[in-house]
Amino acid sequence: MNAEKRELKVRRVSRSKRPRRSFSGSPTPARKKAVATLGRCPHDTAKRMLDSVVADSNANEYCSDDEDLFGDYDSILCDSSLMAKLDNAEQIARQQDRPPTADPNSLAQPISDFPPSLWLGKEDAVKHSFLDDDLTDSILDGFKDNSFELPATEHHKTSTPVRTKRTQDIVNDRQTRPAGFPKVRRSMADQMRKAMLSNAVAPPPGVSCTAALKEAVVTEEMGVAARAAETCMSTETTDLGPFFGLPSKVKDLVHKLRGIKDLYDWQKTCLNLDCVHERRNLIYSLPTSGGKTLVAEILILRELLCRKKDCLFILPYVSLVQEKVRGLASFGLELDFMVEEYAGSKGRFPPVKRRDKKSLYIATIEKAHSLVNSLIENKRLDNIGLVVVDELHMLGDGSRGAIIEMALSKILYMSQATQIIGMSATLGNIKDVQKFLKAENYTNNFRPVQLKEYVKLKDSIYEVDPQEEDCFRFSRPLNFKYSSTMQKMDPDHIIALVTEVIPAYSCLVFCPTQKNCENVAGMICKYLREEFLRRKKEEKAVLLRELRSSGGGSMCPVLQRTVPYGVAYHHSGLTSEERKLVEEAYSHGVLCLLACTSTLAAGVNLPARRVILRSPYVATEFIKRSQYKQMVGRAGRAGIDTLGESILILQDKDKTMAKNLVSAPMETCYSNLMCGDGKGVLSLILSLIGLSFTLLSVSEQKMSAAVGVPESFVARKAAGQTVKKNVNMASVRRLYLALVLFSLLKETNLWSVAAKFQLSRGFIQTLLSSSSAFCSCVMHFTEEFDEFWPFKALLAELTRRLSYCVQVELIPLMEVAGVMESRAKQLYNAGYKTLAHLANADPDSLAKTVDNLYRKQANQIVASAKMLLNEKAAALQEEVDDLFMMPHDLPLTQTQEQGTK
């Protein structure tokens, strides 16, 4: 038996080679006594005896300081004396374990009670001891010792050298074993060998094989990218991994944070275009809700992680910027890049120059233009590797379109290394825009949910079919019993159309004016059944409390009346806090219907099962096809509905124009630099003059304009008297708005100021935002001149006050994305008084501590706070590095001067 055991060969898994020492010495008399009495002991006694054998065998080993205690633990597999002792001990124990009814002298014993060498050959017996599939548990199972196995070891995932070498032996043994022979029990020696070999190749305790493998894959991918970046720093894209050039970790994050398991076919095609890989400019256009933004985000992540370049993401509205900042902050924390907001008064000019981390600037149109100017002025525009423009069709949107055109023109002229990606759902003259941007085009008509377009004329519903002669094909009559009172209140049958889908499905009703939104919401609620009040009653009560809290105790009476029915209105007259609460309640199904203006179609992504256009007009103007497509494109929720419907309510007088609306091609997009008597071109020329570091002359510096309103004019107007003297009304309007701002800074109560000046809350909040943005621009101007230092200190504080219009102690919390005044008060009262408190908060505890805070919102708040804290820490580190940097103009010593000569 000992000779057979010595034939076993084991390859060490350890990286370092250590000398093997054999176990020396013979059993002591006490040890012999233990072996002799093992067969008469119960299992617990036998276990102690077995432990004694193993322990005493190691007692004679000497461990030096430079050798680890387990240096030769695998050498026991080749020590014949210890193996023999274990086999003898097991045989004695097996004899003791024989059934009590059996005759000890009988030859008819179970064959499993005999050692394998008695009924197999010696060679087969050695083979058979390693056949895991044909072995039953040995007597070790009765008293297993944890010292044989390392903790957190996944044996089923671990392969050993011994087992892989004997695959064929297993097959041979199964073929040669006599029929009817039972399985052989695994011996103690075999059990120990298996445990030792498994532990030798096991991963460290506490680390699963799956987690270690994933980490190894990501590490390898990053290593490949690093090596490729060292050898290829040209314009070629460095490939990081299998997910469209990105590591598999990004795919896992997209699944975890967005719930997206796989991409649409068109997205895969677009990401694999030659122009994308070769970094040429690209314009791609698809219908609304087709998934355009995800493609842009993947391209941005590839630029940040692979090419190590900053990116600029241009969005049309502040709300979209803030939503995107919240959505990408988690990616930034996981993938180690900065997400910086440039909207309103937020954003630094020039941006912080970072050595280690790259930045994603998410900006509105105006802020993006200012950022481009700042980067050009500081010769840092080449640091921007990618510019993504959402809603590219806004190039033709008046003065804002001119600003986009100026920014893109400067990028095209000043930086050849910057790639421009434009995306749009509606773009008519795509070839003209391609020529301007020197870009290629990809177009697809894919929609994840089928859209059916209808129009309503009188009591009939017609399906839109441009191939028909009249463009409309009869679909069905509108069956709904109207009383005479209802007919007067609702001549357009809006109640009939909405009650076909709500409350089971969601519905959007686009109205031509803000007041009409409120009237429609109130009118619908008058004729809804009482069962609407019972649906999600508790959630609606929470929403009402939050709306009241956001208004400092005040609440819109229309919302107070409509929210219990699951109905609300949405337009720019609401404050940003009110809009945010309404949008979240609609997204979570608390509200089933929104009466809204056309701004919602281009702003926030709030899809619905049915979209109803109350009228083909926006204010008094007939809607454009691009506006129509954006509004009806909200119908159909991907992953929720299989169908989306849009219904345009028409009068007989609008039928002809409506035919052109649904069948005409998209409007063309023209340059707006010449609009307003060429103000766009003049603005572009002036900005270019400024960007070429040309200083103003003395006479130009002295030139200024002081605009004021005489006190006599204010007194006469307050008394209701007529004013004969002509006064510049533009100056009067500026004074009125200044008084509004002054009242806000004193009271910080938007509701009372709105009532005092008879202005909508949304208008006052917009005034605050634009004023703070302008104040921020003036502050940056004063930083360029030392003599303006008093204005710099004054404007810095004024900008902060205008930006948030809250108590001073709440301002740090208001910097966090998604935190409004009411939420800031809740956080402050709950003990989260600083940015550091929020950054180190546990999202679960935060959601439980703060009332009406969802788990998702808590995660976004913590992620945004961490991002802001990282940004502040990075800025401070940059200042420290600059302080310790060796001055380039340091005077030379006498020795150095002689050396240079």
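Because the structure is a prediction, the values reported are computed rather than measured.

(A) Geometry of the overall build of the protein. Counting secondary structure elements, the protein contains 41 helices and 19 strands. By residue count, 46% of the 901 residues in the protein fall in the buried class. Taking all contacts inside the protein whose residues are at least 6 apart in sequence as the whole, residues at least 24 apart take part in 71%. Surface exposure of the protein reaches about 47,700 Å², of which carbon and sulfur atoms provide 54%.

(B) Structural view of the pattern of salt bridges. Applying the stated rule across the entire model yields 31 salt bridges. R354 is the salt-bridge partner of E340, the closest N and O atoms lying 2.9 Å from each other. Taken together, the positions of E340 in strand β5 (residues 338-342) and R354 in the loop between β5 and β6 (359-363) put the pair 14 residues apart, joining distant regions of the chain. By relative accessible area, R354 is classed as buried at 11%. The residue E645 makes a salt bridge to R610 at a minimum N-O spacing of 2.8 Å. Taken together, the residues span a long stretch of sequence, with E645 in strand β19 (residues 643-650) and R610 in strand β16 (residues 610-613) at a distance of 35 residues.

(C) Examining the state of the cysteines more closely. The full count for this structure, using the stated rule, is zero disulfides. With no disulfide of its own, C507 lies closest to C592 among cysteine sulfurs, the gap being 8.5 Å. Note on C775: no disulfide assigned, nearest cysteine sulfur contributed by C777 at a separation of 9.3 Å. Exposure remark for C775: the relative accessible area of 5% places this residue in the buried category.

(D) Structural detail: the environment of V850. The topology assignment puts V850 in the loop between α39 (843-849) and α40 (855-883). Given a relative accessible area of 4%, V850 falls into the buried group. V850 sits 18 residues away from Y832 along the chain, and the two C-alpha atoms are 10.0 Å apart. The residues touching V850, leaving out its near neighbours within four places in the chain, are R823, Q826, L827 and A830.

(E) Examining the environment of D382 more closely. Assignment of secondary structure puts D382 in the loop between α16 (365-377) and β7 (384-390). Owing to a relative accessible area of 44%, D382 belongs among the partly exposed residues under this scheme. Remark: the alpha-carbon pair of D382 and T418, spanning 36 residues in sequence, is separated by 6.7 Å.

(F) View of the environment of V455. For V455, the location among the structural elements is in strand β10 (residues 450-457). A sequence separation of 200 residues divides V455 from K655, and the C-alpha atoms of the two residues are 9.7 Å apart. For V455, the residues in contact, after removing those within four places along its chain, are S460, I461, Y462, V464, F472, L648 and L650.

(G) Broad picture of unusual backbone geometry. Each neighbour pair has its own omega, and for F349 with P350 the value is -10 degrees, a cis peptide bond. Considering the arrangement of structural elements, one finds P350 in the loop between β5 and β6. Residues I502 and P503 are joined by a peptide bond in cis, for which omega reads 5 degrees. With respect to the helices, strands and loops of the structure, P503 is situated in the loop between α20 (494-499) and β13 (507-510). You will see that A619, though not glycine, has its phi angle at about 60 degrees, which is positive. Relative to the elements of secondary structure, A619 occurs in the loop between β17 (617-618) and β18 (621-622). At N852, a position not held by glycine, the phi torsion is positive, near 60 degrees. Note that N852 resides in the loop between α39 and α40. Residue classification places N852 among the partly exposed positions, given a relative accessible area of 25%.

(H) Inspection of the packing of aromatic side chains at higher detail. Summed over the entire model, instances satisfying the criterion amount to 13 aromatic pairs. Summarising the aromatic geometry, the rings of F243 and F244 are spaced 5.3 Å apart at their centres and angled 70 degrees between planes, so their arrangement reads as edge-to-face. By relative accessible area, F243 is classed as buried at 7%. The ring of W751 carries the charged tip of R761 above its face, separated from the ring centre by 4.1 Å.

(I) Representation of the packing of helix α15 (residues 318-335) against α40. Taken N-terminus to C-terminus, the directions of α15 and α40 make an angle of 60 degrees; their axes are 9 Å apart at the nearest point. On the basis of their axis angle, the class for α15 and α40 is oblique. Note on packing geometry: the crossing formed by α15 with α40 is left-handed. Here R326, A329, S330, G332 and L333 of α15 lie close against α40, whose contacting residues are Q860, A863, S864, K866, M867 and N870. Of the residues assigned to the contact of α15 with α40, the class counts are four nonpolar, five polar and two charged.

(J) Structural detail: the pairing of strand β14 (residues 567-570). Judged by which residues are buried, β14 turns out to be covered on both faces: V567 and Y569 on one side and A568 and H570 on the other are all buried. With four bridges joining them, β14 and strand β15 (residues 593-596) adopt parallel strand pairing. When the sheet's bridge partners are listed, H570 is paired in β15 with C596. For the segment spanning β14, helix α25 (residues 576-587) and β15, crossover handedness is right-handed.

(K) Spotlight on α16. With 13 residues, α16 extends 19 Å between its outermost C-alpha atoms, agreeing within 8% with the 18 Å of an ideal straight helix rising 1.5 Å per residue. Taken across its 13 residues, α16 has ten buried, putting it largely inside the fold. Taken together, the buried positions of α16 are occupied by I365, K367, A368, H369, L371, V372, N373, S374, L375 and I376. Residue K379 follows α16 closely and has a positive phi angle near 55 degrees.

(L) Expanded view of a nonpolar patch on the surface. Judged by side-chain polarity, V880, L883 and F884 come together as a nonpolar surface patch covering roughly 370 Å² of accessible area. Mapped onto the fold, V880 is located in helix α40. With relative accessibility at 34%, the residue V880 sits in the partly exposed group.

(M) Summary view of the sheet that holds strand β11 (residues 460-464). Pairing within the open sheet is mixed, and its eight strands lie in the order β12-β11-β10-β19-β16-β13-β15-β14. The open sheet has two edge strands with one neighbour each: β12 (472-477) and β14. Strand-to-strand twist across the sheet, computed as the mean angle between neighbouring axes with direction ignored, equals 25 degrees. Looking at chain direction, β11 and β12 are connected through five bridges and run antiparallel. Residue pairing in the sheet places I461 in a bridge with R476 of β12.

(N) Broad picture of the pairing of strand β3 (residues 281-285). With respect to burial, β3 is a largely interior element, five of its five residues being buried. What you see with β3 is no split at all: N281, I283 and S285 on one side and L282 and Y284 on the other are buried throughout. Across four bridges, the pairing between β3 and strand β8 (residues 419-424) is parallel. Of the residues in β8, the one forming a bridge with S285 is S424.

Calculation criteria
Throughout, a residue's number is its position along its own chain's written sequence, starting from 1. In keeping with the model being predicted, local features are shown solely for residues with a pLDDT of at least 70 and side-chain atom pairs are shown and tallied solely at 80 or more, while totals for entire chains, interfaces and linings include all residues. Computation of side-chain values: all heavy atoms of the structure, hydrogens and water removed. Only DSSP runs of H or I reaching four residues or more are called helices, and only runs of E reaching two or more are called strands; each is numbered from the N terminus. Each residue's exposure class comes from its accessible area (1.4 Å probe, protein chains only) as a fraction of the maximum for that residue type: buried when under 20%, exposed when over 50%, partly exposed otherwise. For this analysis, residues touch if any pair of their heavy atoms sits within 4.5 Å. Computed with a 1.4 Å probe, the accessible areas rest on the Shrake-Rupley method; for each residue, only the protein chains presented here act as cover. One speaks of a salt bridge when a side-chain nitrogen belonging to Lys or Arg is within 4 Å of a carboxyl oxygen belonging to Asp or Glu. Cysteine sulfur atoms that pair up within 2.5 Å are treated as a disulfide. Pairing of aromatic rings covers Phe, Tyr and Trp, the last counted by its six-membered ring, and requires centre-to-centre distances within 6.5 Å; plane angles under 30 degrees mean stacked, over 60 mean edge-to-face, and any other angle means tilted. Should the NZ of a Lys or the CZ of an Arg lie within 6 Å of a ring centre and within 35 degrees of the ring normal, that charge is described as sitting over the ring. Angles run from 0 to 180 degrees between N-to-C directions of axes, and those axes are lines fitted to C-alpha atoms, restricted for helices to the stretch in contact. An angle below 35 degrees is read as roughly parallel, one above 145 as roughly antiparallel, one from 65 to 115 as roughly perpendicular, and any other as oblique. We call a crossing left-handed when the near helix sits turned anticlockwise from the far one by less than a right angle, and right-handed when that turn is clockwise. In this count, Pro and Cys sit with the nonpolar residues alongside Ala, Val, Leu, Ile, Met, Phe, Trp and Tyr, while Asp, Glu, Lys and Arg are called charged and the others, Gly among them, polar. What makes two strands pair is DSSP finding at least two bridges between them. Look down the strands so they point away from you; if the path from the first strand over the helix to the second goes clockwise, the crossover is right-handed. Expected helix span is taken as 1.5 Å per residue step, with the number of steps being one fewer than the number of residues. For patch building, the residue pool is restricted to those with more than 30% relative accessible area and no salt bridge; the joining distance is 9 Å between like charges and 5 Å between nonpolar side chains (Val, Leu, Ile, Met, Phe, Trp, Tyr).

Honestly, it's all geometry; don't read function into it.
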